[in-house]
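# Coordinate inspection notes
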Amino acid sequence: MQASGSDKAAAPQANRRASSAKRGAGDFAALLEGGRAQQAGTGPLKPAVIAELRRAASSGGRSTHSQDSDSDQPALQRTGGDPAQSAAGVSAGQTSDPYVDLFTSGEPASEFTRSMEQSGQPDSGQEELKQSAAPVQAQHTEAAGSETPSDGAGTGAPHGSPGAAPSRFASLAGLADALPAVDKLAKEQLESSVGPPSAYLPPSDVSDRAEAPSPEEIPVSSSALSTDETPEPSSKAESLSEGVSVGEAASMSDFEMVEKEQAQVERSRQTTAALSQAVNEAASTSGQNESDEAWRRERKHMFVLSNAGKPVFAAHGDENALAGFMAIIQAMMSFVQDKGDQLQSIRAGLHLVVFVEKGPFYLVAVSATGEPEAALKLQLELLYGQILSILTNGVEKRFAHNPRYDARGLLGGTYTVLRSLKDSFETDPAAMLSAYLPLPLASTLRHAALTTLQAAVKGVNATWGLLLAGDMVVALAQPRASPMHPLDLLLLSNFVRSTDSFRQSESFSPVCLPYFQPAGHMHAYINYLHQEAGLCLVLLSSQPEQFYTVCPEIAQAAQEQLASTGVTEAVAAAMHDDAHRGRLHIADLPKAAGGGSVGTTPLLHFLYKVPSRGQFIMPAICAPLDTQSARQALMPAYARVHAAMFRASEGGASAGLAPQRVHYSQDSERTMLAYVSPEYEVYAVYDALTDKQTAVQLCHKLGSYIKSQQTDLFVP
Amino acid sequence: MGCASSKAPTTRSDIRGVVRREPEAGPAPVPRVKLVLLGDSGVGKSCLVLRYVRGQFDPNSKVTVGAAFMSHSVHLPDGTTVKFEIWDTAGQERYASLAPLYYRGASAAAVVYDITSKESFQKAKHWVSELQKNASGDIVIILVGNKTDLVELREVTPEDGQEYASRNDMLFIETSAKTAANVSEIFETVAKKLSGYQAPPAEVVSATN
């Protein structure tokens, strides 16, 4: 991230600000910019933050009350800051342009959000405004371009337009100011006591990717670019009436609203109230978030909040203390959403912020790991899937009934499950590959395990049966007609692995398989047959009756059978090795297949997936990849290669472009070769000096070796 | 008949909810009793069970997910043995709708509350009324006030608990999983009641004090 002049100038202040570290709201900027946030004001910090939050919050709900333009003007001027900068900051999806322009020109527009949604007429006035933002769009295009994952090379450091974002955020804040849904009194009080509200504005470039409903839109693979420049008729349409309503907004009052708007109004009030509450909570608890500094240094954050802004989950830190932070996220997302658009991602320095909306939840990842957007989106979707696996999508009904519903009560005790899932993304490519990892086991033993498992499944009339060892699968019994979705398996395995109470005794638990049936739950029986090895029997049934009474006995029989056939012993032996936990060792592979100890083979790590089996194998991480930084870099490197190869096919409407079949890249850290065919996929990491020919040869040899060993390596 | 033993066949046949197993399983098949623990989350249900079954107490014990299943045998003073199949349910709200699965067919239920939390006592009352409505009519319910080691934080008096228990024809006991006080008494009291061992109410009360 290039620092703009204003960034640098603000740096000392920002540092001081970062060190004070006790606010809920400034976090966003600091997080995005590693503390290099711009601080314009000199007023007391905490009140400023609260005021900021209130403003941000007010943009969350649609504006329902009009407000004196007089009282708005000063705030707008403040937030506008440097006009030049403001203009430069406009970089949004097509639908965002109008509001940005409105605010840089300092007009109060308390009603425009609402009217935009209602009217469908084009507006030439808006067009005009839009043009004034043209240079900005150009900048944005550049910025968005840098977002595409750079093949193999280090993390795609953004070359975005510096200084753009602060003003964009200023615009957002300004907008919030002008949408006076927050109670006026409190706002006035706060305004009188606080300094300029731009304290948290992050200097960064912003890319909105919009999913416009318009049929004219031409999606392209790097859709971040496409929507910015694609005119969207409906938004223009709205603007015409807008031109009028904007000017008069200030004098508009509640009773002028038509009746059908009242539902909206109510919703908006609720949202606003929820946000105010969240803000108040944040204000009262922000002092508790002692570990702010450490919190900021986390490489990857994930947040889940309800679309009314209630915190649901934070991978790091305390959800309650982060309520204000979540309110800002909510404000940003619902603001864009209110325009029929969706916030997709923001690139800020090394951080990529990705937004996903799922049912009643907003999910946000803030990552400095160098993973591409597609990978983070998938991870957020899985996080949502894990929530569903615990709650089923019945939770959506609760939110439909009461938008301010607090899901934390429902999720009580399962944060370890969500955190464990988030942590697994750092070391486990199962999600990316949509496949599971089998435990290597001699085929005779595997057969014995499978026979036992199938007998158990039959005995309790279960649908699925799994024999897990840690994060690996020893055997899987599934009906041919409905094999378990690999992502369901991943979520189930994580749920079982990360729930400590299952280790204490055999247990039953409802569990939903969201990719199979998000609306209902299965009954799961979980029994650790061997604690140390993490050997765990999981049976899933949809019929509870018999299930609850027969499982313990059947499990007992299975346990005895596995012990007598030597499966338990073999699994325990494989899992006993702390360094490898059942994984293959590159050192043990034949030399011809790229095996060998450190320094004798260029092969450092690989992933080998067999799509028809839905399985992949990978070796244990060993030297020289066993340092923390090398470990951390490995999965993002795979993710970038994977994203580069599959980008076209994931682009939805842009499909038709075949995914890359071969990918070779080399940088100062590693050489990567990936080959994708219908039969198998290989992703291999070599040392940085490996030439292309060697890499390809080794890859072939590795592939044929694995093929020759597949009965032992894969679950049948 | 499958559960009859040479010692006291008449009392054994009184046990309700006994699951009869194959007679050839052992020389003296032990009657099994399904007991379900209910109560708000965090009142110490799992701690009570783990203390009873394994003699362990873990102050950082894990939140129960779903329901944990454990079995344990009680030897009564009259020489008979009862095998408890204990269903330790999770207290979380999201599992409330599944509770019938666990208490269905149960011959005993321990409704646990935390003596330092009035709220958990209210929740216990809720569970009691649900059991009275939905469980089998002859289910033996014991009201358990846990955490007597935190007596200085007490919010629910023993009198309150006893009064509510008597009014609803339940057994009552106060326990501490931490100090193990009265823990095995929960199960023994239930076993006695189930097996028709005439425990005068006074005796149960005395166990609480």
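Please refer to the structure placed before this passage.
Here's what I pulled together on the structure shown here. This structure is a prediction, so every number in the text was calculated from the model and none was measured. (Residues numbered from 1 in each chain as written. Chains lettered and ligands numbered in written order. Predicted model: local features only at pLDDT ≥ 70, side-chain atom pairs only at ≥ 80, totals over all residues. Heavy atoms only, no water.)

## What about the overall build of chain B?
- Of the regular secondary structure elements, chain B holds seven helices and six strands.
- The helix and strand sequence of chain B, counted from the amino end, reads α-β-α-β-β-α-β-α-β-α-β-α-α.
- Counting all 209 residues of chain B, 53% fall into the buried class.
- Look at the contacts in chain B between residues 6 or more apart in sequence, and 69% of them connect residues 24 or more apart. (Helix = DSSP H or I, 4+ residues; strand = E, 2+ residues; numbered from the N terminus. Buried < 20%, exposed > 50% of the residue type's maximum accessible area, 1.4 Å probe, protein only. Contact = heavy atoms within 4.5 Å.)

## Describing the packing of helix α22 (residues 443-459) of chain A against helix α25 (residues 544-564) of chain A
All names here are of chain A.
- One way to put it is that α22 packs onto α25 with a least axis distance of 10 Å and a crossing angle of 165 degrees. Relative to α25, the element α22 is oriented roughly antiparallel. The handedness of the crossing between α22 and α25 comes out as right-handed. Across the interface between the two elements, A449, T452, A456 and G459 of α22 pack against V550, I554, A558, Q561 and L562 of α25.
- Of the residues in the contact of α22 with α25, the class split is six nonpolar, three polar and no charged. (Axes fitted to C-alpha atoms, helices over the stretch in contact; angles between N-to-C directions. Parallel < 35°, antiparallel > 145°, perpendicular 65-115°, else oblique. Left-handed = near helix turned anticlockwise from the far one by under 90°. Nonpolar A, V, L, I, M, F, W, Y, C, P; charged D, E, K, R; others polar.)

## Remarks on the pattern of salt bridges
All names here are of chain A.
- One pass over the full model with this rule turns up 13 salt bridges over all chains.
- With its nearest N and O atoms 2.8 Å apart, the salt bridge here joins K300 to E371. Of this pair, K300 sits in strand β1 (residues 300-306) while E371 sits in the loop between β5 (361-367) and α17 (373-391), and the two are 71 residues apart along the sequence.
- One salt bridge in this structure joins R503 and D500, with 3.9 Å as the shortest N-O distance.
- Beyond isolated ion pairs, a larger network of salt bridges with shared partners links K300, E371 and E426. (Salt bridge = Lys/Arg side-chain N within 4 Å of Asp/Glu carboxyl O.)

## Focus: the sheet that holds strand β2 (residues 311-314) of chain A
All names here are of chain A.
- Strand order across the open sheet formed by five strands is β2-β1-β5-β4-β3, with antiparallel pairing between neighbours. The sheet is open, and its two edges are formed by β2 and β3 (345-348), each paired on a single side. Within the sheet, the average angular offset between the axes of one strand and its neighbour, ignoring direction, is 15 degrees.
- Two elements, strand β4 (residues 351-358) and β5, share seven bridges in a ladder whose sense is antiparallel. Opposite V356, over in β5, you have L363 as the bridge partner.
- Lying over the sheet, α17 contacts β1, β2, β3, β4 and β5, oriented at roughly 40 degrees with respect to β4. (Pairing = 2+ DSSP bridges.)

## Side note on unusual backbone geometry
- A cis geometry characterises the amide bond from A:A623 onward to A:P624, with omega recorded as 5 degrees.
- Note on placement: A:P624 falls in the loop between β12 (615-617) and α27 (628-650).
- Backbone geometry at B:A180 places phi at a positive 70 degrees, although glycine is not the residue there.
- Here B:A180 shows up in the loop between β6 (171-174) and α6 (183-194).
- Classification of B:A180 as partly exposed rests on a relative accessible area of 34%.
- You will see that B:N182, though not glycine, has its phi angle at about 65 degrees, which is positive.

## Structural notes on the interface of chain B and chain A
- With 21 residues of chain B at the contact, the number on the chain A side is 29 residues.
- Approximately 2000 Å² of surface area, both sides summed, lies buried where chain B meets chain A, with 56% of it carried by carbon and sulfur atoms.
- It is B:V65, B:F69 and B:R94 that lose the most area in chain B upon contact with chain A, and together they represent 30% of the buried surface on that side.
- The interface formed by chain B and chain A holds one salt bridge in total.
- Ionic pairing is found between B:E93 and A:R398, a salt bridge with its closest N-O pair at 3.0 Å.
- For the side of chain B that touches chain A, the elements supplying multiple residues, two or more each, are α2 (45-54), β2 (67-75) and α3 (99-103) of chain B.
- In terms of residue count, β2(B) provides more of the side of chain B that touches chain A than any other element does, four residues in total.
- Its residues placed into classes, the side of chain B that touches chain A shows 12 nonpolar, three polar and six charged.
- Looking at chain direction, strand β8 (residues 507-511) of chain A and β2(B) are connected through two bridges and run antiparallel. (Buried area = accessible area lost by both parts, 1.4 Å probe.)

## Description of the nonpolar core
- Core analysis: the biggest nonpolar cluster contains 147 residues, and A:F361, A:L467, A:L539, A:V571, A:Y683 and B:L143 have the highest contact counts within it.
- Per element, the largest residue contribution to this core is 10 residues, and it comes from α17(A).
- If we skip the residues at most four places from it in the chain, A:L539 touches A:L453, A:A456, A:V457, A:V460, A:A462, A:W464, A:G465, A:H523, A:A524, A:Y525, A:F547 and A:C551.
- Among the nonpolar cores identified, the runner-up in size contains 31 residues, and B:L48, B:V49, B:L171 and B:A177 belong to it. (Core = buried A, V, L, I, M, F, W, Y, C linked by side-chain atoms within 4.5 Å.)

## Examining the packing of aromatic side chains
- According to the stated counting rule, one finds 25 aromatic pairs over all chains in the structure shown.
- Between A:F303 and A:F325 the ring centres are 4.9 Å apart and the planes differ by 50 degrees, which places this aromatic pair in the tilted class. Of the two residues, A:F303 sits in strand β1 while A:F325 sits in helix α16 (residues 323-337), which places them 22 residues apart along the sequence. An identical accessibility class is assigned to A:F303 and A:F325; each is buried.
- Both rings, one in A:Y548 and one in B:W87, keep their centres 5.8 Å apart while their planes meet at 40 degrees; by these two values the pair is tilted. Of the two residues, A:Y548 sits in helix α25 while B:W87 sits in strand β3 (residues 81-89), which places them in two different chains.
- Note on A:Y548: relative accessible area 6%, which makes it buried.
- Taken together, the ring pairs connect A:F508, A:Y525, A:F547, A:Y548, B:F69, B:W87 and B:Y102 into an aromatic cluster.
- It is B:K34 that lies over the ring of B:W87; its NZ or CZ is 5.1 Å from the centre.
- Positioned over the ring face of B:Y164 is B:K125, at 5.2 Å from the centre of the ring. (Phe/Tyr/Trp six-rings, centres within 6.5 Å; stacked < 30°, edge-to-face > 60°. Lys NZ or Arg CZ within 6 Å of the ring centre and 35° of its normal.)

All we've got here are geometric facts, nothing functional implied.
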